[in-house]
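# What the coordinates show
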Amino acid sequence: MEKELIKKIVDYHVYHVDKLYRQFGGLQSEMTDYEDETIYLKIQTNSRWGKDNTVTARQLAVDWKNVNNELKDAKRYHVTIFNREAPSGIAVKANTLNNEESIQAFVDAIKNIQPMAEVQHTLKGEVVTGSFY
């Protein structure tokens with residue numbers, strides 16, 4: 001699959017599905033490739049997420065397949081999971097951002113979230129593979 005299409009799929013998925021996992025579940029996912037009917041994902045989890053890596057890999061791979069029409073023919077998934085204690089996302093009530101100090105604290109928290117690309121270079125991940133059938 002072309003990199004431009006992968007980016008389009010990732011952007012859509014992050015803003016429509018993955019954002020909820022990031023804000024409330026303690027994990028985030030990113031599709032890195034789609035080749036030979038296989039979805040390739042990287043997932044970061046922390047202790048807020050209570051499921052094991054096998055269940056997590058399948059759950060998120062199914063989400064990616066079901067939400068994104070371009071992936072409907074996928075038969076397999078290949079997932080690398082990184083476990084670390086770092087925030088995966090932030091959620092705040094709008095009325096808590098009512099002054100400059102709280103807005104700055106929010107912006108600083110966002111800036112401190114390490115991008116997935118950096119995580120893969122600093123941690124060894126566990127690979128989980130499977131089939132949708």
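Residues numbered from 1 in each chain as written. Predicted model: local features only at pLDDT ≥ 70, side-chain atom pairs only at ≥ 80, totals over all residues. Heavy atoms only, no water.

### With respect to the packing of helix α1 (residues 3-25) against helix α2 (residues 53-67)
Which entries qualify depends on this criterion: For helices, the fitted line uses only the C-alpha atoms of the stretch in contact; every axis is such a line through C-alpha atoms, and the angle between N-to-C directions lies from 0 to 180 degrees. Helix and strand definitions follow DSSP, with helices as H or I runs of at least four residues and strands as E runs of at least two, each counted in order from the N terminus. Working definition: roughly parallel below 35 degrees, roughly antiparallel above 145 degrees, roughly perpendicular at 65 to 115 degrees, and oblique for all remaining angles. Whether a crossing is left-handed or right-handed is set by the direction in which the near helix is turned from the far one by less than a right angle, anticlockwise for left-handed and clockwise for right-handed. Contacts are residue-level and defined by heavy atoms, with any inter-residue pair within 4.5 Å sufficient.
Two elements in contact, α1 and α2, have axes separated by 11 Å at closest approach and are oriented at 130°. With respect to each other, α1 and α2 are oriented oblique. Crossing of α1 over α2 shows right-handed handedness. Contacts between α1 and α2 involve Ile9, Val10, Tyr12, His13, Val17, Asp18 and Tyr21 from the former and Gln59, Leu60, Asp63, Trp64 and Val67 from the latter.

### Some words on the pairing of strand β2 (residues 38-45)
Heads up, the rule is: A simple rule labels every residue: compare its accessible area, found with a 1.4 Å probe on the protein chains alone, to the largest value its type can have, and call it buried under 20%, exposed over 50%, or partly exposed in between. Strand pairing is assigned whenever DSSP detects at least two bridges linking the two strands.
Taking burial as the measure, the eight residues of β2 include seven buried ones, the bulk of the element. As paired strands, strand β1 (residues 27-35) and β2 are joined by eight bridges and run antiparallel to one another. Each residue of the ladder has a partner; that of Glu30, found in β2, is Lys42. Counting the residues in the hairpin turn of β1 and β2 gives two residues, including Asp36, whose phi is positive at 50°. Where β2 and strand β3 (residues 76-83) come together, eight bridges link them in parallel fashion.

### Describing α2
Short version of the rule: Given the number of residues in a helix, its expected span is that number minus one, multiplied by 1.5 Å. Residues adjacent in sequence count toward polar contacts only when both atoms are side-chain atoms; beyond that, a polar contact is any pair of N or O atoms within 3.5 Å, and within protein one must be able to donate a hydrogen and the other to accept it.
If you check α2, its first and last C-alpha atoms are 21 Å apart, about what 15 residues at 1.5 Å a residue would give, namely 21 Å. The residue sitting at the N-terminus of α2 and contributing the capping side-chain oxygen is Asp52; that oxygen lies 3.0 Å from the backbone nitrogen of Thr54.

### Focus on the pairing of β3
The following threshold applies: Orient the strands so they point away from the viewer; a crossover is then right-handed if the path from the first strand over the helix to the second runs clockwise.
Viewed along the sheet, the connection from β2 through α2 into β3 turns out right-handed. Of the strand pairs in this sheet, β3 and strand β4 (residues 126-131) are connected by six bridges, and their pairing is antiparallel. The residue of β4 that forms the bridge with Val79 is Val128.

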